[in-house]
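# Chain and residue survey
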There are 2 protein chains.
Amino acid sequence: MAAEGYEGVLVYFGCAGWLKRVYNKVEHEMIETVKMTKSVGRDSRRIIHSIKVALAITLASFFYYFKPLYDSFGASAIWAIITVIVVFEFSVGATIGKGLNRMIATILGGALGFGTHYLANLCGDKGQPLILGALVFVVAAIATFMRFFPSMKARYDYGLLIFILTFSMVAVSSYRDDEVLKLASDRFLTIVIGSFIAVSICIFVCPIWIGNDLHDQLVNNVENLATFLQEFGAQYFRSSQGVEQVNKASMHKYKTILTSKQSEESMANLARWEPGPRKFGFRHPWKQYLNISSSTRECAYRVRVLDVYLENNDQIQIESQFKEEFLRMCNESAKALKEVAMAIKKMAPPALASAHIERAKATTEHLSSLLANHRFVGLEMIPTATLVSLLIDLLCCIEKVADCTRELGCVANLRRGESLGAVVPAADQDLIHV
Amino acid sequence: MAAEGYEGVLVYFGCAGWLKRVYNKVEHEMIETVKMTKSVGRDSRRIIHSIKVALAITLASFFYYFKPLYDSFGASAIWAIITVIVVFEFSVGATIGKGLNRMIATILGGALGFGTHYLANLCGDKGQPLILGALVFVVAAIATFMRFFPSMKARYDYGLLIFILTFSMVAVSSYRDDEVLKLASDRFLTIVIGSFIAVSICIFVCPIWIGNDLHDQLVNNVENLATFLQEFGAQYFRSSQGVEQVNKASMHKYKTILTSKQSEESMANLARWEPGPRKFGFRHPWKQYLNISSSTRECAYRVRVLDVYLENNDQIQIESQFKEEFLRMCNESAKALKEVAMAIKKMAPPALASAHIERAKATTEHLSSLLANHRFVGLEMIPTATLVSLLIDLLCCIEKVADCTRELGCVANLRRGESLGAVVPAADQDLIHV
């Protein structure tokens, strides 16, 4: 009896312990989820996007709720709902791109599928599945292969997928269903309606233009590089009496630039679909943006090496006369970058950047002459010499960013002029005619 | 008459010129397309993938061609074809991930949709569309918001999309169609069949394991860094009598590493779905792979700065005694990297890499003592000092890559031991129980 009671107590405590562990785990998970939800929702555009999607789905489902609407499309109305859900993306560019891809691919795939059905019909009952199967095989293989073409992948990947889908659907189902033309046209019409709902809500309710996002990101990138140089100068080269608190977090914001290539390229690809938010023209020079993006990235590589170099060698001794020059170089470079950021923001050539770059170059020369006349003992010249080289190298990169920004400003001004009715320059005219 | 004839001649030549331009343009486009097709098809796996997709679609369309099969599913069979087309991806991991996502999301969305239908039914004819609309709105908004969670986005983004899709389809169409359970179960069954066809063909016909691709890419990345260092040494530091032809193209292959972060992370995400290609175990340490990937990228940033530094300063004069040491450093670093690449390939700790790294370090010290005792004139020490700093910094990064590879080798050995039936170490056992 006593032994049994003892076991019961053991089981009780075992269960209690297990329950406690489960409870703790659930509690921990819930706290984590709440934290995550808060951090995801901090960007209010995400909440707005979720509501917009729900709104679009609700609108599309009126095809079911209202009898007159339902009577004209019947069960095909489901394609409007599917289209809304699949096409609705975060940005206007992505939504328009997907919607157009889906509509054009549906009409092309449907037409080809109908043609295949017609051809197969000519071959009699026995030949029909063979012809259908063979044609579906060949078209699907070719279209799948075309998805690997880089030019297709960038903008028409979704369209090719939907082309294969619609073509196969129409061609294969035509074998059993004789109303294939009705099927294809209903599907197309409901897809057009669905795309229209998705695109309209995306554009007219708190639109998110990916072109603006890319624009802001480039500005931020250049500003982050400027911040790094300022804080870097303050941390290592400021004379000891005036030590300021360096903000490590804002100093290291440049790190995102190192790996931003793919995201910026896909943003530029999507931005091409946008009909042009008000502050930019229609034919926006996205190519120029990518040039700025890649030259900014080259700067970031240098900055990364600079950053880690001084982090690893924190007991470096640099003479105060050099420190002053280094500080001036960092500050002038940072000012040049800030000018560039401002110029990108305004889509204008960076007017004052070259003055700062020239001043930084003059400092370089002054530094060189100081170095040439200085007598170093042992290995102490290594850090100074390295810093000089890295900063000069960085300055070259900054100059390239400024050049790219100048080009962007010129092209943008030109386009702005055109859209105001100015004459198209001769070089561009040739391009239009050829 | 004469004037008319003259005009006719003008029109004729105008047309001829226009035709010729069109012809030239079409010819040019065709040549470009053929070139592009050849270059895309050079990777024969792409051609095989296209044929596999076509094969899977053909298999799925047998549901239409054979009457007994068609009779059991009817028009729902189209969902099998749609699923095959949508789920079939280039790699096994991506296909399994999409297939599982689609199946699980369909069953969850279908169940919730059916529950909503039941609930709405209780509210009478007038309340039904209101309840349906409200529930669809709320569920769609929440699920769309969840797609922004980073952990969801990485692996379950497609699942959430399909969840919204199926839920809306079942819930909304239940308003008009009373056979909603039949609709949901047919859709689920055909999706399972479609996923099964896609996954089987993807796995059993010339499978492309994305885990292998990631593995090979890491090995290539490290090898490309080694090649750069070798060629770099040969180009700048080899004594003039033995100048070899430097291969610029293979020297610059390292550039792809600079921007490989996103693609390698998504490869690791997809590889988690793979049931383990034969040469790796099941629970493969993909996290370790990403550590190697990011430390390799840090090396690449240094290499980029080195590369451009000497490209911009091609008239640099370095004394021959330093050149020899630099050459030795480059070669030892390159050898260490080659050892690391071999170790990643074999999933073993890099045994000989540390010996090469130690030798490179010894060279560094020798170089430092040479530098300390050398008398430089003017600014001539700058390039030598910069190269010393950059190469030492690079060596630190290479050491980190070697460390990460050692960890990978240890973890992989442990896992291999486990899968051969060895005892699970105590630390891991705790993890299993909690």
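As a reminder, the structure under discussion sits directly above these lines.
First, a word on what this report is: a plain description of the structure on this page. The structure displayed is predicted, hence computed values, not measured ones. (Residues numbered from 1 in each chain as written. Chains lettered and ligands numbered in written order. Predicted model: local features only at pLDDT ≥ 70, side-chain atom pairs only at ≥ 80, totals over all residues. Heavy atoms only, no water.)

Bringing the relation of the copies chain B and chain A into the picture now. Taken as rigid bodies, chain B and chain A are interconverted by a rotation of 180° and an axial shift of 0.0 Å, the fit giving an RMSD of 0.1 Å. The two molecules are tied by a two-fold rotation axis, judged by turn and shift. Every residue of chain B has its C-alpha some distance from the rotation axis, and the shortest such distance is that of Thr386 of chain B, at 2.2 Å. Most of the interface of chain B is mirrored in chain A: 100% of its interface residues are interface residues there too. (Least-squares fit on C-alpha atoms with pLDDT ≥ 70 in both. Contact = heavy atoms within 4.5 Å.)

All right, on to helix H7 (residues 124-146) of chain A then. Its 23 residues give H7 of chain A an end-to-end C-alpha distance of 32 Å, which sits within 8% of 33 Å, the value for a rise of 1.5 Å per residue. Buried residues of H7 of chain A: Gly127, Gln128, Pro129, Leu132, Gly133, Val136, Val139, Ala140, Ala141, Ala143, Thr144 and Phe145 of chain A, and no others. (Helix = DSSP H or I, 4+ residues; strand = E, 2+ residues; numbered from the N terminus. Expected span 1.5 Å × (residues − 1). Buried < 20%, exposed > 50% of the residue type's maximum accessible area, 1.4 Å probe, protein only.)

The biggest cluster of nonpolar side chains holds 126 residues, and the ones touching the most others in it are Phe237 and Phe326 of chain A together with Phe232, Phe237 and Phe326 of chain B. The contacts of Phe237 of chain A, once residues within four sequence positions are left out, are Phe232, Leu310, Ile318, Lys323, Phe326, Leu327, Cys330 and Leu387 of chain A. Within the second largest apolar cluster, 98 residues are counted, among which are Tyr65 of chain A together with Ala54, Ala60 and Tyr158 of chain B. (Core = buried A, V, L, I, M, F, W, Y, C linked by side-chain atoms within 4.5 Å.)

Before going further, it helps to examine the layout of surface pockets. Volume-wise, the second largest pocket comes out at about 870 Å³. Looking at the second largest pocket, it is lined by 29 residues, and the ones nearest its centre are Ala75, Ser76 and Trp79 of chain A together with Ala75 and Trp79 of chain B. If you list the elements that add at least two residues to the lining of the second largest pocket, you get helix H5 (78-87), helix H8 (150-173) and helix H9 (180-204) of chain A together with helix H5 (78-87), helix H8 (150-173) and helix H9 (180-204) of chain B. Classifying every residue of the lining of the second largest pocket by side-chain character gives 14 nonpolar, four polar and 11 charged. (1 Å grid on protein atoms, 1.4 Å probe; cavity = no way out; pocket = protein on both sides within 12 Å on 5 of 7 lines; lining within 4 Å. Points joined across faces, edges and corners; volume = space filled by probe spheres on them. Nonpolar A, V, L, I, M, F, W, Y, C, P; charged D, E, K, R; others polar.)

Another aspect to go through is the interface of chain B and chain A. On the side of chain A, 77 residues touch chain B, which itself brings 77 residues to the contact. Counting the surface chain B buries against chain A, the share from its top three residues, Tyr65, Phe148 and Arg176 of chain B, is 10%. Counting every contact that joins chain B to chain A gives two salt bridges. Here Glu298 of chain A ties to Arg304 of chain B by a salt bridge, and the two come within 2.9 Å at their closest N and O atoms. In this assembly, chain B and chain A are joined by eight residue pairs in polar contact (both at pLDDT 80 or more). Counting residues per element, the side of chain B that touches chain A draws most heavily on helix H2 (residues 44-60) of chain B, which supplies 10 residues. Residue composition of the side of chain B that touches chain A, by class: 49 nonpolar, 19 polar and nine charged. (Buried area = accessible area lost by both parts, 1.4 Å probe. Salt bridge = Lys/Arg side-chain N within 4 Å of Asp/Glu carboxyl O. Polar contact = N/O pair within 3.5 Å; in protein donor to acceptor, adjacent residues only side chain to side chain.)

Attention shifts here to unusual backbone geometry. Peptide bonds are, in most cases, trans, and in most cases residues other than glycine have a negative phi. All names here are of chain A. We note that Cys206 has phi near 35°; this positive angle belongs to a residue other than glycine. With relative accessibility at 43%, the residue Cys206 sits in the partly exposed group. Positive phi, normally seen in glycine, also occurs at Met347, with a value near 55°. Note on placement: Met347 falls in the loop between helix H15 (320-346) and helix H16 (353-373). Classification of Met347 as buried rests on a relative accessible area of 4%.

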